[in-house]
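Fold and contact review
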Amino acid sequence: MILLYGSVIVFNFLAFKLVKRLSGNMILHIWIFTCCFQVFFDTFIDLKYHGYWFVSQEIDWSAFPGYTLLIPPVNLLFLNWFPFNTSVVKRIAYIAVWEVILLCYEFITLLPDPWGFFRYGWWSLTHSALINPLLLLILLGYYKLVNKLETKLIHKQSAHLR
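What comes next concerns the included structure. (Residues numbered from 1 in each chain as written. Predicted model: local features only at pLDDT ≥ 70, side-chain atom pairs only at ≥ 80, totals over all residues. Heavy atoms only, no water.)

Topic: the packing of aromatic side chains
Note the cut-off: Working definition: a ring pair exists when centres of Phe, Tyr or Trp rings (six-membered ring for Trp) sit within 6.5 Å. Plane angles under 30 degrees give stacked, over 60 give edge-to-face, the rest tilted. Strands are runs of DSSP state E lasting at least two residues, helices are runs of H or I lasting at least four, and both sets are numbered from the N terminus onward. For each residue, the accessible area found with a 1.4 Å probe, counting protein chains only, is set against the maximum for its type, and the residue is called buried under 20%, exposed over 50%, and partly exposed in between.
Within this structure, the stated rule accounts for 21 aromatic pairs. Arranged with centres 5.9 Å apart and planes meeting at 5 degrees, the rings of Phe54 and Phe117 form a pair that is stacked. Note that Phe54 is positioned in strand 1 (residues 52–54) and Phe117 in the loop between helix 5 (88–109) and strand 2 (118–120), a separation of 63 residues in sequence. Here Phe54 falls in the buried class, since its relative accessible area comes to 6%. The exposure class of Phe117 is buried, given its relative accessible area of 2%. An aromatic cluster of three or more residues is present, and its members are Phe41, Tyr52, Phe54, Tyr67, Phe117, Phe118, Tyr120, Trp122 and Trp123.

What follows is the structure, encoded as structure tokens:
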């Protein structure tokens, strides 16, 4: 639990200090999307199939920060530094570096109480290694969709002002 609460504080501090390339609208969209997608995914993997869980196998208020405050700032940092206008090789390398960081962090979260907070049922680091890149690509797709909608709105508003 110490790692959960410490991570929430550190990740949020870093995100709000370092994320400069994303608009307030985009930050809000990514935050809400991350929470919704995580709850959707975890409803099945955690609650239905007992693959993994935060803190305990029950619905527990102490796990609430894990569902609402832990992953969104990490996603914001990932998107803030993503090398959008570079070669495919650099983008793949960037995702690979983040994959290593995510897997190392997940390994640390498995520490016993009072430090760790994440527990496995049948899930393993191998499952995470396979699914994390897909989740990052879904996040990138959502970012691009919102960015396209923002751009369209800005063009529409500027044309309307003329």
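Focus on the packing of helix 4 (residues 71–80) against helix 5
Filter applied, for reference: The convention used is that axes are lines fitted to C-alpha atoms, helices contributing only their stretch in contact, and that angles between N-to-C directions extend from 0 to 180 degrees. By definition in this entry, angles of less than 35 degrees are roughly parallel, angles greater than 145 are roughly antiparallel, angles of 65 to 115 are roughly perpendicular, and the rest are oblique. Should the near helix be turned counterclockwise from the far one by less than a right angle, the crossing is left-handed, whereas a clockwise turn marks it as right-handed. Residue contacts are counted whenever heavy atoms from the two residues lie within 4.5 Å of one another. Charged means Asp, Glu, Lys or Arg here, nonpolar means Ala, Val, Leu, Ile, Met, Phe, Trp, Tyr, Cys or Pro, and polar covers whatever is left, Gly included.
Taken N-terminus to C-terminus, the directions of helix 4 and helix 5 make an angle of 155 degrees; their axes are 11 Å apart at the nearest point. Comparing the axis directions of helix 4 and helix 5 gives the class roughly antiparallel. Read as a crossing pair, helix 4 and helix 5 show a hand that is right-handed. Side by side, helix 4 and helix 5 meet where Val74, Leu77 and Phe78 of the first sit next to Tyr94, Ile95, Trp98 and Leu102 of the second. When grouped by side-chain class, the residues that make up the contact of helix 4 with helix 5 number 7 nonpolar, no polar and no charged.

Here we look at helix 4
Across the 10 residues that make up helix 4, a large majority, 9, are buried. Summarising the contacts, the buried residues of helix 4 are in contact with helix 1 (2–18), helix 2 (24–48), helix 3 (64–68), helix 5 and helix 6 (125–161).

Some remarks on the nonpolar core
To be explicit about the condition: Within this scheme, the nonpolar core is defined by two criteria: the residues are buried Ala, Val, Leu, Ile, Met, Phe, Trp, Tyr or Cys, and they are joined through side-chain atoms within 4.5 Å.
Leu22, Ile30, Phe78 and Leu79 are the most contacted members of the largest nonpolar core, which totals 39 residues. A per-element tally of this core places helix 2 first, with 8 residues. Contacts of Leu79, omitting those with residues within four sequence positions, involve Leu22, Ile30, Phe84, Leu139, Leu140 and Tyr143.

Some points on helix 5
Given 3.6 residues per turn, any residue in an α-helix points the same way as the ones three and four places further on. Using the following cut-off: Between the first and last residue of a helix there are one fewer steps than residues, each counted as 1.5 Å, and that sum is the expected span.
Over its 22 residues, helix 5 extends 31 Å from the first C-alpha to the last, a length consistent with the 32 Å expected when each residue adds 1.5 Å. Taken together, the buried positions of helix 5 are occupied by Tyr94, Ile95, Trp98, Glu99, Leu103, Glu106 and Thr109.

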